[in-house]
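Coordinate inspection notes
Listed here are the chains, written in short residue letters.
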Amino acid sequence: MKIALGTANFGQKYGLSKKNIKSNKRIEKILKFSNSSNINLIDTSSNYGSSEILLGKNSLKNFKLVTKIKTSIKEKKSDNLENIIYKKVEKSLLKLNIKKLYAILLHDSNDLKGNRKHLIIKVLKKLKKKKLVSKIGVSIYDPKELDFIWSFWKPDIVQCPFNILDQRIFKSGWLNRLIKNKIEVHVRSIFLQGLLLKDEKTVPKKFKKWNNIFRKWDKYCDEENISKLQACINFIKFFKKISYVVVGFENISQIKKIIEYFNNNKKKYTSLTCSDTKLIN
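Here's a quick rundown of the structure.

Definitions and cut-offs
Residues numbered from 1 in each chain as written. Predicted model: local features only at pLDDT ≥ 70, side-chain atom pairs only at ≥ 80, totals over all residues. Heavy atoms only, no water. Helix = DSSP H or I, 4+ residues; strand = E, 2+ residues; numbered from the N terminus. Rg over C-alpha atoms; globule rule 2.2 N^0.38 Å. Buried < 20%, exposed > 50% of the residue type's maximum accessible area, 1.4 Å probe, protein only. Contact = heavy atoms within 4.5 Å. Areas by Shrake-Rupley, 256 points an atom, 1.4 Å probe, with all protein chains shown as cover. Lys, Arg positive; Asp, Glu negative; His and termini not counted. Charge placed at Lys NZ, Arg CZ, Asp CG, Glu CD. Salt bridge = Lys/Arg side-chain N within 4 Å of Asp/Glu carboxyl O. Phe/Tyr/Trp six-rings, centres within 6.5 Å; stacked < 30°, edge-to-face > 60°. Lys NZ or Arg CZ within 6 Å of the ring centre and 35° of its normal.

Moving on: the overall build of the protein. Within the protein, the secondary structure is distributed over 11 helices and 8 strands. Here the protein has a C-alpha radius of gyration of 19 Å; the compact-globule value for 281 residues is 19 Å, and the two agree. Overall size of the protein, expressed as C-alpha extent along the three principal axes, is 60 × 45 × 35 Å. Taken over 281 residues, the protein has a buried fraction of 51%. Once local pairs closer than 6 in sequence are excluded, the contacts in the protein between residues at least 24 apart make up 73%. As presented, the protein carries roughly 14,300 Å² of accessible surface, and 48% of it is formed by carbon and sulfur atoms. For the protein, the separation between the mean place of its 61 positive charges and that of its 24 negative charges on side chains is 4 Å.

With that settled, consider the pattern of salt bridges. Throughout the structure, instances matching the rule amount to 10 salt bridges. E28 is paired through a salt bridge with K32; the nearest N and O atoms lie 3.7 Å apart. Linking E28 with K32, this pair stays in helix α1 (residues 24-36), spanning 4 residues, or about one helical turn. Residue class for E28 comes out partly exposed when judged on its relative accessible area of 35%. The partner of E82 in a salt bridge is K126, and the shortest N-O contact between them spans 3.1 Å. Here K126 lies in helix α4 (residues 117-129) and E82 lies in helix α3 (residues 81-96), a separation of 44 residues in the sequence. Taking the relative accessible area as the measure of exposure, E82 reaches 24% and is therefore partly exposed.

With that settled, the discussion passes to the packing of aromatic side chains. Taken as a whole and judged by the stated rule, the model has 13 aromatic pairs. Where W217 meets Y220, the ring centres are 6.1 Å apart and the plane angle is 10°; that geometry is what we call stacked. Of this pair, W217 and Y220 both sit in helix α8 (residues 211-224), 3 residues apart, which is roughly one turn of that helix. Each member of the pair, W217 as well as Y220, carries the same accessibility label: buried. Seen in terms of ring centroids, F238 and F239 are 5.3 Å apart; in terms of plane orientation they differ by 80°. Their pairing is edge-to-face. Taking relative accessible area as the criterion, F238 reaches 42% and is therefore assigned partly exposed. The exposure class assigned to F239 is buried, which follows from its relative accessible area of 8%. Among the aromatic residues, ring-to-ring pairing joins F162, F170, F235, F238, F239 and Y269 into one connected group. Taking the ring centre of F33 as reference, the NZ or CZ of K256 above it sits at 5.4 Å.

Spelled out as structure tokens, the structure:
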């Protein structure tokens, strides 16, 4: 299990805090520190504002780049689907200032619904043959999406949300199934966009109806005598066969703290979970 840098807030506001990172000096500092800390994968997307452009202003030779694309966006009628996907990939390579991507993920599995699914997969496989990308996969929001995808495609990588409250990928049996089939699992949202790191008193009003869950979460951390950050990381580390954990952060001190907790030997599963998709999504 390794850490991957999540860059959804590079150049755009993202998550509960709505804070972003757009200073090239800060990004350069983060990349240098990450490189020295054996972090070798960066997760981005052509839909993350100026994330790819900001990353491309720096040397990325020591990093593997994963980007995500959408194929459902309306394009010029003269363009066929293959051209659309190639143009998106070429644009990402140009912005990132690199010649090859580690992986391309479909940003939305809904793109695979309908008659186009086989063509989309065929084009992604062509990208591998042309050595523009090493691996192809899909980003999902709910493991139920895999029930559909699995019938016609075994991707190289599946990226999914996974945290103490959102344990669907594990409870559904899909985590073990993916690992058994030697598919790379990249998990994201281990802090639930920062919500799991907040004190009960500072949880935004729109989440107050789940106060009973946050009280249980506070109680758990108090009883274990650990910070919420460490509890979130200890939980994820329990599932040691996960390939990468994509983490978001607002500054270099936060990524340092995350690395510190990842480097300790503590790991612990907790059954505190929630099935209400209005919260976990």
